[in-house]
Structures are given as C-alpha cells and as structure tokens.
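Descriptive analysis of the structure
Single-letter residue listing:
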Amino acid sequence: MRKHLAPTIILFVFSLLPFYWLRGGLFVAAAESGLYLYHSSRSFHHCLSLWWDKISLGFPMAKNLPSIPFHGAMALLDQAGISLHLKQIILYGAILFCSGVSMYFLVWIAVENTFKHRRIIALFSAFFYLFNSFVMINFWHRFTTFLLMIPFPPLILAIYIYGLKRRNNTAVYLLGGIFSFFSFTFSSIPSAASIFFAPFIYLIFFLFDNRTNRPSIYFALKYSFYSFLSFLLVNIWWLLPYFKGAQQMYAQTGTQENNLMTLHSISNFLGLEYSLRLLRADSMEIWGNTFPVGFIISTTLIPLIVFLPLLIQRNKSILFFSLLSLLGLFFMKGTNGIFGKTFEMMFLHIPFFGIFRNPFEKLGIIVVLGYSVLFGIGLVAVYEKVVNYLGGRKSKFMICILLSLICVIVVWPMWTGKILNFKLWERSSMVKIPDDYADADHWLVKQKEDFRVISYPVTNYDGVVYSWKHGYCGDSPEFLLLGNKPYIGITFWTDENFEKITKMLPDVIYRENALKKIAPLLNVKYLLLHNDLDKKYIEALDLDTPEMIRQGINSYQKDFTLERKFGELEFYKIEENYFLPHIWAINGN
C-alpha cells in the first residue's frame with residue numbers, strides 16, 4: 001500500500017489546519033452546539049439517562065443515547081489531561097483527516113479498473129470533499145455536534161461497495177463496527193436517513209445492472225440484509241429506547257402546517273441555480289464578499305466540471321454518482337423550481353417526511369457525496385482534453401488554477417479560520433470561560449445534596465447571550481459549567497404541566513414570600529442571578545433586568561439571602577427550614 005502513502009501524508013497535512021484556526025488559545029462555542037466539548041465526563045453521564053433533568057424541570061431525551069460513545073471518548077481525553085482547546089483541535093483535525101481518507105478510499109474502490117489516473121482522481125475528490133461551499137456553510141460554520149456527518153457517509157458507502165464488488169462478507173462486520181463508532185450521528189433522524197440513502201441507491205443501481213445475473217442479485221440482497229442486520233445488532237442498546245420516543249421527537253418538530261410553512265420559507269433561499277453550486281441564495285452576501293467575482297466564477301465552474309464526465313464517458317461509476325447527485329439535488333432545492341410540487345406532495349403525504357423541512361441542511365450531503373467523486377474524474381478529464389493543446393506543464397498549471405478557484409477562493413473563510421469566528425448577537429463564537437465560573441463550580445461540587453437552582457433572569461428562549469470578555473451566544477451551559485446541578489431557567493422544553501410552573505417564576509419574585517412556597521416543592525436550594533447576561537439580549541426578549549430581580553429578592557423574598565458571589569454570579573440561599581431534599585409521593589387517600 002506504499003502507493004497510498006503520499007496522498008495520506010498530503011491529507012494529514014491538511015488536517016493540521018485547526019492548529020491555525022484556533023491559534024489564539026480560545027475555543028469554539030456557539031449556537032446549538034454550545035459548550036458540548038466542555039467537561040465531557042458530565043455530558044457522558046447525562047447521556048446514560050433517558051430523562052434529561054438538567055434543564056428546566058426535565059423531559060425525556062432518548063435521542064442522547066447514541067452520543068454515549070462520542071462523549072465517552074472525549075471524557076477519556078479529559079482524563080488524560082488534555083485541555084479543552086487542544087481537545088477541540090484534535091477533534092477537528094481527526095474529522096478533516098478521516099473525511100479526506102474516507103472519500104479517497106471511496107473513489108479508489110468505486111472507479112477501480114476504470115480510469116488510468118485513479119490515485120490522482122481520488123486525491124482531487126478528497127480535496128473537494130474537504131473544501132467545498134456546502135461543508136463550509138452547513139457544518140463548519142455551524143460547528144454543530146454533527147461534524148461527524150462529514151466522514152461518515154463516504155466511509156459507509158466505500159465499505160458497502162467494497163463488500164459488494166469483492167463479495168466479501170467480512171465487510172458486514174466492519175460496517176457494524178463503523179455504525180457503532182459513529183452512532184453519535186444517529187441522534188438526528190434526518191442524518192440517519194441521509195447516511196442510508198446512498199448505499200440504498202447503489203443497491204438499486206447494482207440490482208438493475210445485474211438484472212440477468214441471479215447469483216449476483218442473491219448475494220447483493222443477502223449482503224445488504226446482513227449489513228443492515230449488523231447495524232441493528234451493534235446498536236440495539238440505543239435503538240429500542242430511541243425509536244420508542246421517535247413519535248414524541250417527531251411531534252416536537254411541529255404540526256404539518258408549521259413544517260410546510262418552514263419548508264416554504266427556507267425554500268425561498270434555495271433553488272436549482274443555487275443547489276447546483278452547493279449554495280443558498282444568501283451565500284454570496286455572507287461568504288462571497290472577500291473575492292466576489294472569483295466567488296461567482298468559481299461556484300459556476302463546480303457543476304460544469306462535475307457533470308463533464310457524463311458527457312465524455314458514461315461508465316457505471318459515472319452513471320451512479322451522477323444519479324446520486326441528481327436525486328440529491330431534487331431534495332436539496334426544496335419546493336423551488338422544477339419538480340418542486342413533487343417534493344411538496346412527498347412532504348405532505350409520506351409519514352415523518354416533516355423532519356426534512358430544511359432539505360439543504362438535512363439532505364445536501366448526498367449531493368456533495370456524488371459531486372466529490374465526479375469532480376475528481378472531471379478535473380482529470382479536463383487535463384486529458386487540454387494537454388494535447390497546451391502541453392503538460394501549462395495543463396497542470398491550469399488544473400492548479402481551477403482547483404484553487406473552487407477549493408480555495410470559494411471557501412476562503414475555511415483557510416483563514418474566519419468560518420469559526422463570527423458574531424451572534426454581536427458576540428464572538430470564540431470564547432473563554434471566566435475564571436469565576438470555575439470557582440463557583442468547585443463550590444457547588446462540594447455540596448453533595450441533590451438540589452435544583454432557579455436561574456434568573458428566566459427566559460423563554462432556548463439560548464443565552466453572555467457578556468463575557470470574548471462573548472458567548474448559544475445553548476444554556478449552566479449544567480455543564482456550574483456543579484452539574486439541574487437549573488430551572490427556561491420556560492419550555494418540558495412537560496406541559498411543568499411549563500405552567502416555570503412560566504410563573506419570573507413574576508413570583510415580586511410577590512410577598514411567594515417563592516418560598518414554590519421552591520421547596522421544586523427541591524430548590526439556591527437562586528442564581530446572572531449579572532453577565534447581555535443587555536441587548538434582555539431588551540430583545542423583554543426580560544427583567546438583574547437589578548430589578550435583585551430588588552425583588554431583597555424586598556419580597558425575605559427567606560432568601562445572598563450566600564456567595566463569584567464575579568457576576570450571585571447565589572441566594574433559601575432558609576434551611578424551607579429546603580426539602582425529599583421525594584414526595586402521593587397516595588390515593
């Protein structure tokens with residue numbers, strides 16, 4: 001395998017890019033990802049439970065179960081003494097390297113005995129898969145916990161094709177292990193659907209191509225059945241509770257009318273003219289300002305190079321990945337343009353199709369998968385066509401220019417690191433947690449009782465904005481940052497009856513001794529007042545200011561006194577007589 005050494009080294013070099021991205025010593029935390037890499041041992045233990053009790057008054061959260069292997073691995077890095085900053089660099093670098101190698105392996109297997117420059121094609125495809133506009137916008141820009149979705153699809157498809165082509169049943173066991181290792185990605189049902197889509201289409205393509213070959217058909221069906229069975233067996237530990245709660249999770253996505261409204265709203269930013277270039281309508285405004293002309297030219301070149309092989313040579317590999325790309329484009333563009341009504345009919349009449357109300361985000365990876373393979377083939381095809389006219393040196397220079405335009409100019413924010421450093425609510429996505437939080441965390445951890453903390457200001461929004469030195473805007477991180485205790489600070493994401501209670505909390509602070517009647521029944525020991533909540537965030541959500549809340553506690557809640565203050569964090573403790581760390585049971589009498 002020495003012939004693969006040079007491409008592997010090249011891909012490894014590119015995987016070192018996160019060292020440059022995070023060179024300032026800060027780490028990335030924003031949006032729905034929040035501080036998902038912080039204190040991974042706590043996240044690991046949270047995932048072991050089917051009931052999520054750390055936010056509000058709790059709610060069922062079976063979809064966290066697939067995250068156990070990931071958070072377990074991250075917890076091991078914590079125990080090894082690796083800092084949060086370095087841990088994020090290692091994770092991002094591993095994702096880049098595995099993604100590139102997976103795509104390289106996919107191309108090597110899929111186009112074997114078909115093209116003369118197979119290794120170059122595989123390397124070009126891997127490079128495009130790492131650095132394209134969709135991956136930049138949809139994964140790295142959002143840096144969600146679904147970054148593992150980048151290496152997973154090409155790896156699964158490569159192993160599946162390998163086993164099918166070689167009639168190698170051992171690939172079934174390998175698939176089972178990979179499914180188990182990447183189970184984190186299945187915490188999102190749409191992600192699971194996009195992962196299985198490409199192997200399923202390949203199976204259909206293979207059966208049609210071998211429609212007169214009964215032994216091949218029999219093996220393909222048997223191999224596919226055992227592959228899927230291996231997925232079920234190695235993941236049965238989380239599949240059963242996960243899908244028992246699937247109906248509830250689907251219900252949380254909203255009504256069909258609301259989902260359709262969301263689909264139409266998002267589709268306004270989509271369309272075939274954008275999807276062909278792996279963009280949304282707003283991509284130019286957000287990402288194309290650095291090199292506007294180059295951005296337009298470069299993104300236009302993408303579909304031209306990708307579909308060029310279909311015009312030159314129609315072998316099986318090209319036909320399959322072209323078909324995969326076209327099917328992906330049909331979904332990716334939403335209800336816009338040609339066949340938009342067909343997509344809408346599927347959305348309305350196919351059960352659970354409402355989870356694809358953002359088709360660009362959920363299904364765009366299918367297009368990228370097909371595009372990447374075709375891009376490598378197309379770029380080599382361009383070279384072979386022009387080499388006779390320009391000569392070898394000029395032709396190679398031309399290919400370097402095309403590669404630079406598409407994989408550098410288009411995704412320039414990925415090379416500079418700007419993709420990870422942007423502002424939400426005028427707060428940077430690169431953060432550093434104030435030392436006061438660590439002090440408060442140590443203080444809370446020493447308290448062994450089970451209790452809750454009511455966090456003020458109580459918000460009706462699922463995210464918070466803190467005025468830290470470098471800022472923070474994302475999911476509420478209190479349960480990770482402060483003592484691993486349950487925090488009541490959000491008025492939704494909970495049972496309907498619980499929600500009625502949490503919605504009372506902003507007002508009872510101004511009623512004479514009202515809180516001491518509610519707090520004991522909620523097992524509350526402390527009130528936490530956040531003085532570091534962003535003022536514009538408070539104004540936008542029409543929340544009470546910390547000054548108003550402090551005055552309410554001092555004036556009306558006489559049984560709560562200031563216990564400790566850590567920088568901008570104030571902890572008010574309830575009188576011991578009213579703290580009831582008990583489980584209350586109600587009988588029929």
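Computed from a predicted model, the values in this text were never measured in an experiment.

We now examine the overall build of the protein. The helix and strand tally for the protein stands at 29 helices and 13 strands. The globule rule puts the C-alpha radius of gyration for 589 residues at 25 Å, and the 27 Å found for the protein is close to it. Counted over contacts in the protein with a minimum sequence separation of 6, partners at least 24 positions apart contribute 77%. Computing the positive centroid from 52 side-chain charges and the negative centroid from 39, the protein places the two 16 Å apart.

Topologically, F219 is positioned in helix α11 (residues 214–234). Of the residues examined, F219 reaches a relative accessible area of 7% and is grouped as buried. Counting along the chain gives 55 residues from F219 to L164, while the straight-line C-alpha distance between them is 8.0 Å. Once residues within four sequence positions are removed from consideration, F219 is found in contact with G163, L164, R167, N168 and N169.

Take the environment of E499 next. With respect to the element layout, E499 can be found in helix α26 (residues 496–508). Residue class for E499 comes out partly exposed when judged on its relative accessible area of 22%. Each C-alpha atom of the pair E499 and L57 lies 8.2 Å from the other, and the pair is 442 residues apart in sequence.

Soluble globular proteins tend to bury their nonpolar side chains together. L35, Y92, W140, Y456 and L527 are the most contacted members of the largest nonpolar core, which has 195 residues in total. The biggest single contributor to this core is helix α21 (residues 359–390), with 15 residues.

Between two packed helices, both the angle of their axes relative to each other and the distance between the axes serve to describe the pair. The interhelical angle for the contact between helix α8 (residues 152–166) and α11, taken along N-to-C directions, is 140°, at an axis separation of 10 Å. Relative to α11, α8 is oriented so that their crossing is right-handed. Contact residues: α8 offers I159, Y160, G163 and L164, while α11 offers F219, A220, Y223, S224 and S227. For the contact of α8 with α11, the class distribution of residues is six nonpolar, three polar and no charged.

Once that is clear, we can look at the packing of aromatic side chains. Considering all chains together, one arrives at 46 aromatic pairs under this definition. On the basis of an interplanar angle of 25° and a centroid distance of 6.0 Å, the ring pair of Y466 and Y472 is categorised as stacked. Residue classification places Y472 among the buried residues on the basis of a relative accessible area of 0%. If you follow R23 out to its NZ or CZ, it ends over the ring of Y20, 4.0 Å from the centre.

Relative to the helices and strands, H71 resides in helix α4 (residues 68–79). Look past the residues within four positions of H71 in its chain and what remains in contact with it is Y36, S40, S43, F44, C47 and F184.

Let us now look at unusual backbone geometry. Omega for the bond connecting Y456 with P457 falls within 30 degrees of zero, at 0°, which places this linkage in the cis form. With respect to the helices and strands, the residue P457 is situated in strand β7 (residues 452–459). Phi is positive for H39, close to 50°, though the residue is something other than glycine. By the element assignment, H39 lies in the loop between β1 (27–28) and α3 (40–47). Its identity is not glycine, yet R167 carries a phi of approximately 55°, on the positive side. Assignment of secondary structure puts R167 in the loop between α8 and α9 (170–181).

Our next topic: a nonpolar patch on the surface. A cluster of nonpolar side chains, L5, I9, F12, V13, L16, F19, L86 and I90, forms an exposed patch at the surface whose accessible area comes to about 710 Å². Elements that contribute at least two residues to the nonpolar patch include exactly α1 (5–14) and α5 (84–110). The greatest single-element share of the nonpolar patch, amounting to four residues, is contributed by α1. As for its position among the elements, L86 is in helix α5.

The sheet contact formed by strand β12 (residues 560–566) and strand β13 (residues 569–574) spans six bridges and is antiparallel. Of the residues in β13, the one forming a bridge with L562 is Y572. Counting the residues that bridge the hairpin from β12 to β13 gives two residues, and of these G567 lies at a positive phi of roughly 60°.

Definitions and cut-offs
Residues numbered from 1 in each chain as written. Predicted model: local features only at pLDDT ≥ 70, side-chain atom pairs only at ≥ 80, totals over all residues. Heavy atoms only, no water. Helix = DSSP H or I, 4+ residues; strand = E, 2+ residues; numbered from the N terminus. Rg over C-alpha atoms; globule rule 2.2 N^0.38 Å. Contact = heavy atoms within 4.5 Å. Lys, Arg positive; Asp, Glu negative; His and termini not counted. Charge placed at Lys NZ, Arg CZ, Asp CG, Glu CD. Buried < 20%, exposed > 50% of the residue type's maximum accessible area, 1.4 Å probe, protein only. Core = buried A, V, L, I, M, F, W, Y, C linked by side-chain atoms within 4.5 Å. Axes fitted to C-alpha atoms, helices over the stretch in contact; angles between N-to-C directions. Left-handed = near helix turned anticlockwise from the far one by under 90°. Nonpolar A, V, L, I, M, F, W, Y, C, P; charged D, E, K, R; others polar. Phe/Tyr/Trp six-rings, centres within 6.5 Å; stacked < 30°, edge-to-face > 60°. Lys NZ or Arg CZ within 6 Å of the ring centre and 35° of its normal. Patch = residues over 30% accessible without salt bridge, like charges linked within 9 Å, V, L, I, M, F, W, Y side chains within 5 Å. Areas by Shrake-Rupley, 256 points an atom, 1.4 Å probe, with all protein chains shown as cover. Salt bridge = Lys/Arg side-chain N within 4 Å of Asp/Glu carboxyl O. Pairing = 2+ DSSP bridges.

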